[in-house]
Amino acid sequence: MPDIEAIADRAASATPHGVAKVVRGLSDRSIAWLFVAPTMVLLLAINIFPLIWTVYLSFTNFASNRPNRPVVNVGLKWYQDILSSPEIWAAMQATAHFVFWTILFQTLIGFSLAYLIDRKFRGHAFWTTIILIPMMLSPAVVGNFWKFLYQPQIGLFNYVVSFFTGIPPSSFEMLGSVTLAPWAIVIVDTWMWTPYVMLICLAGLRSIPDYILEAAEVDRASRWQQFWSITLPMALPFIMLAVLFRGIENFKMFDMVMLLTGGGPGSTTELASIALKRQAFEAYRTGYSSAFAIILFVVVFGLANVYVKALNKVKQR
Amino acid sequence: MKKLLACTGALAALMALAPVSNAKAADLTLCWAAWDPANALVELSKDFTAQTGTEMKFEFVPWPNFADRMLNELNSGGKLCDLLIGDSQWIGGSAENGYYVKLNDFFDKEGIKMSDFAPATVYAYSTWPKGTPNYWALPAMGDANGWFYRKDWFANPDLQKEYKDKYNRDLAPPKTWDELKETAEFFQGREIDGKKVYGAAIFTERASEGITMGATSALYPYGFKYENTPGKYDMEGAVNSADAVAGLEMYKAIYKCCTPPGYTDSYMGEGLDAFKSGQVAMMMNWFAFMPGMAKDENVGSKTGFFVNPSAKVAASTLGGQGISVVANTDNMDGALAYIKWFAQPEVQKKWWSLGGYACHNAVLNDPGFKDSQPFAAQFLEAMGGVQDFWQEPSYAQLLQAMQKRLHDYVVADQGTAKEALDGLIQDWTAIFKEEGKL
């Protein structure tokens, strides 16, 4: 056990006289503020200020490619335009479709995989690592990789479908068809992020104490009863957490879908974030896109808050 | 500890004092798209370095990101580029926002005459407001959308006979869009050299400008106009005229009948891949790629070139760029010296010989020009009928609206051609109203 007082003495004697004089007069609270101040300043500079600036821009006609044009206050015009724009609603609908189905598939498959991996079997560590590979890849790599897999003439995906169904491989286009493209991006995201959901679910399953399941066995509870009454309720907070993380992530999905479809065909897979990027950095409607960003932020923030409250309720049960 | 603090402080001070630009003031950085002609310009610029001692640096960005990257650079007041070979559509915004240096006084002082350059290129690449003698760039790279075809397949006697029997004319480069469609249909799905081939590779790209550049190659010959009266923004009856509708329907018909499977988001690179790999009989692409294609060791000798087919009129979509001095440059004298050097007839001749499309009359009016390359005559013909997209300061918004309307109709199969063009008028009207021009 080191001598705390001796260390403090050594530190005090090493502190330059001028500094010591200033610090000696400060309260504990002031010193605490001094320590957190750099972080606070950094946060304000890179998080809070841009947010406030975005709110300001959302009420103006500012366009980043027209710096010389007078900036005029347009009030709530952009908010009204966005909320009544069929294109924006189509983008929100595409986003909702993407978020709903990816979360559903990832949760079902991820939990099932976690349930299987949780059983000890020969080579389970190896298989866990194999399953985790997709989530280790960069979304840009995954986007390009699947673009080749979906290629109707040489892509493996079409050949696999053809092998099982007999449909000629060149007769359908996963990325070029209005009907199939929304599912093509769901498949890729599910492939990539199911392992992540699996990991969280696995943590939940492993947190269930063995003695509870042993007691259930002693009470002659069936496997189904054990799963339904013990495993699932106890793993539920973890599953909900995974859903929350994936929901937030997929609501702002951009890179992988941009590389796969570019939002097409037409605007079929133009998710909200892609629509936002087009308005902000291709059409340079800075005011409009700031309002759109604020609306998206409020939606995600609101939904996440409601969800976190539900999560807390489940945890308290 | 004190030493560590002192070192860190010194490092921080050095970083703070270091110049933002990584180029020396005497160097020049030229920004352009990453494509074949850019390599030719690197070669050409070695002469400038040899003559002046100015080191040239180059920043080349792939086409799909070129506009994003460069416009953001200009908008943010960046100092990356001293010289910029920017797209013709940027000139309105760059002139009005003060991103480019106005070159009139410099041209007068140095005796550079715009009358020495092809009028279509001066109008498109240099002037703003359009057609006025206010010059913001020197025509640097003439370009238009043209066509490549497989000469060896077209020359095949069996195919020629079959084509003649079917269409009662020779199998030759199509002169009209109807002929183009029939020729593409003729090749579609055919087996040649043991491989299934397709009719044509056309532009369908959604994100940047691809489908607009492709579809306008059909729209312009059919009679599409942006306005009834130039400068009045009266689009009703011009943008959605019966002729324009017919042109757009033709483009979609070719997309539907005759492109390779999966060709839903394709631009220059995808087209070149499809053509070079022997997948398609014909490919729409920019003249800028023709010198490279003619030299290609696999397909160069088998490739022919033709000008964009006509319909009601002969017309081609304009490509190409002018070279501008970026107003933010720290090396204004050097940048202007490069423009002066580049404008010389001898340099322009070498530029053409290296694979760049010179716009100088000394090159284009040379008696031997038409025979100097297998695509030279077609280039001259195309440049005689080029039409360009809006060059308004709000061009980015106008372009995005057209990209969406066209892709929705042509690729995603939504609505009719008339509805797409009607919708486009609504979008453009809203943009011009926001601009205060309507």
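These figures come from a predicted structure and were not determined experimentally.

Trainee: Can you break down the interface of chain B and chain A residue by residue, with the values?
Mentor: The interface of chain B with chain A comprises 32 residues on the first partner and 31 residues on the second. Of the roughly 2500 Å² buried between chain B and chain A on both sides combined, carbon and sulfur atoms contribute 40%. Taken as a group, Asn97(B), Arg206(B) and Pro261(B) account for 19% of the area that chain B buries against chain A, more than any other trio of residues on that side. Inspection of the chain B/chain A interface yields 6 salt bridges. Ionic pairing is found between Asp68(B) and Lys277(A), a salt bridge with its closest N-O pair at 3.3 Å. In this assembly, chain B and chain A are joined by 14 residue pairs in polar contact (both at pLDDT 80 or more). Secondary-structure elements contributing two or more residues to the side of chain B that touches chain A are helix 3 (63-75), helix 18 (395-410) and helix 19 (417-435) of chain B. Considering each element in turn, the side of chain B that touches chain A owes the most residues, 7 residues, to helix 18 of chain B.

Trainee: An account of the sheet that holds strand 12 (residues 321-325) of chain B is requested, with residue identities and associated values reported.
Mentor: All names here are of chain B. Pairing in this open sheet of 5 strands is mixed, and the strands run 2-1-3-12-4 from one edge to the other. With one partner strand each, in any of the chains shown, strand 2 (56-61) and strand 4 (138-141) form the two edges of the open sheet. Neighbouring strand axes in the sheet, compared pairwise and without regard to direction, differ in orientation by 30° on average. Contacting strand 1 (28-33), strand 2, strand 3 (83-87) and strand 4, helix 2 (residues 36-52) runs over the sheet at an angle of about 170° to strand 2.

Trainee: Describe in detail the state of the cysteines, supporting the description with residues and values.
Mentor: Think of a disulfide as a covalent bridge from one cysteine sulfur atom to another cysteine sulfur atom. Residues and elements named next belong to chain B. One pass over the full model with this rule turns up 2 disulfides over all chains. Between the sulfur atoms of Cys31 and its disulfide mate Cys81 the distance is 2.0 Å. Disulfide Cys31-Cys81: torsion about the S-S bond near -100°, hence left-handed. Within this pair, whereas Cys31 is found in strand 1, its partner Cys81 is found in the loop between helix 3 and strand 3, the two being separated by 50 residues in sequence. Each member of the pair, Cys31 as well as Cys81, carries the same accessibility label: buried. Paired by a disulfide, Cys257 and Cys258 hold their sulfur atoms 2.0 Å apart. An S-S torsion of about -90° defines the bridge between Cys257 and Cys258 as left-handed. The exposure class of Cys257 is partly exposed, given its relative accessible area of 22%. Residue class for Cys258 comes out buried when judged on its relative accessible area of 0%. Within chain B, bonded cysteines paired by disulfides and numbered along the sequence follow the pattern 1-2, 3-4.

Trainee: So what's going on with the domain arrangement of chain B? Residues and values would help.
Mentor: Residues and elements named next belong to chain B. Considered domain by domain, chain B is made up of domain 1 (20-143 + 319-387) and domain 2 (145-317 + 394-435). The partner domain 2 presents 24 residues to the 25 residues of domain 1 that form the contact. Carbon and sulfur atoms make up 64% of the area that domain 1 and domain 2 hide from each other, which totals about 2100 Å². Taken as a group, Gln89, Phe375 and Gln387 account for 30% of the area that domain 1 buries against domain 2, more than any other trio of residues on that side. Taken together, the links from domain 1 to domain 2 amount to 0 salt bridges. Taken together, the connections running from domain 1 to domain 2 amount to 7 residue pairs in polar contact (both at pLDDT 80 or more). Mapped by element, the contributors of at least two residues to the side of domain 1 that touches domain 2 are helix 2, helix 3, helix 17 (376-383) and strand 13 (386-387). Taken together, the residues of the side of domain 1 that touches domain 2 sort by class into 15 nonpolar, 6 polar and 4 charged.

Trainee: Please provide a residue-by-residue account of the environment of Tyr284(A), values included.
Mentor: Secondary-structure assignment places Tyr284(A) in the loop between helix 13 (272-282) and helix 14 (286-316). Expressed as a C-alpha distance, the spacing of Tyr284(A) and Arg66(A), which sit 218 residues apart in the sequence, is 8.6 Å. Discounting chain neighbours no more than four positions away, the residues touching Tyr284(A) are Ala63(A), Ser64(A), Asn65(A), Gln279(A), Ala67(B), Asp68(B), Leu71(B), Asn72(B), Asn75(B) and Ala396(B).

Trainee: Please give an account of unusual backbone geometry that cites residues and values.
Mentor: A cis amide bond, omega 0°, links Gly264(A) with the succeeding residue Pro265(A). You can see Pro265(A) is positioned in the loop between helix 12 (255-260) and helix 13. Looking along the chain, the bond that leaves Trp128(B) and enters Pro129(B) is cis, with omega of -10°. Tracing the chain through its elements places Pro129(B) in the loop between helix 6 (119-126) and strand 4. In the Ramachandran plot, Asp193(B) falls in the positive-phi region, its phi being about 55° despite a non-glycine side chain. Tracing the chain through its elements places Asp193(B) in the loop between strand 6 (191-192) and strand 7 (195-196). For Tyr233(B), which is not glycine, the phi torsion reads 60° and is therefore positive. Looking at where Tyr233(B) falls in the secondary structure, it is placed in the loop between helix 10 (210-222) and helix 11 (242-258).

Trainee: Before we move on, could you go through the pairing of strand 1 of chain B and cite the residues and values that matter?
Mentor: Residue and element names in this part refer to chain B. In terms of residue burial, strand 1 counts as a mostly covered element, since 6 of its 6 residues are buried. In terms of strand pairing, strand 1 meets strand 2 through 6 bridges, oriented parallel. Within strand 2, the position partnered with Ala33 by the bridge is Val61. Each parallel crossover has a hand, and the one from strand 1 via helix 2 to strand 2 is right-handed. Relative to strand 3, strand 1 runs parallel, the two sharing 2 bridges. Within strand 3, the residue paired with Cys31 across the bridge is Leu84.

Trainee: Go over the nonpolar core, please, and point to the residues and values.
Mentor: Counting residues in hydrophobic clusters, the biggest one holds 155 residues, and the most contacted among them are Trp32(B), Tyr338(B), Phe342(B) and Trp428(B). A per-element tally of this core places helix 18 of chain B first, with 9 residues. Summarising the domain contributions, this core has at least three residues from each of domain 1 (20-143 + 319-387) and domain 2 (145-317 + 394-435) of chain B. Not counting residues up to four positions away in its chain, the partners in contact with Tyr338(B) are Leu28(B), Leu30(B), Leu41(B), Ser45(B), Phe48(B), Met56(B), Leu83(B) and Ile323(B). Counting residues in hydrophobic clusters, the runner-up holds 36 residues, among them Val197(A), Met198(A), Ala216(A) and Ala291(A).

The rules behind these values
- Residues numbered from 1 in each chain as written.
- Chains lettered and ligands numbered in written order.
- Predicted model: local features only at pLDDT ≥ 70, side-chain atom pairs only at ≥ 80, totals over all residues.
- Heavy atoms only, no water.
- Contact = heavy atoms within 4.5 Å.
- Buried area = accessible area lost by both parts, 1.4 Å probe.
- Salt bridge = Lys/Arg side-chain N within 4 Å of Asp/Glu carboxyl O.
- Polar contact = N/O pair within 3.5 Å; in protein donor to acceptor, adjacent residues only side chain to side chain.
- Helix = DSSP H or I, 4+ residues; strand = E, 2+ residues; numbered from the N terminus.
- Pairing = 2+ DSSP bridges.
- Axes fitted to C-alpha atoms, helices over the stretch in contact; angles between N-to-C directions.
- Disulfide = S-S within 2.5 Å.
- Buried < 20%, exposed > 50% of the residue type's maximum accessible area, 1.4 Å probe, protein only.
- Domains from an automatic or database assignment.
- Nonpolar A, V, L, I, M, F, W, Y, C, P; charged D, E, K, R; others polar.
- Right-handed = clockwise from strand over helix to strand, strands pointing away.
- Core = buried A, V, L, I, M, F, W, Y, C linked by side-chain atoms within 4.5 Å.

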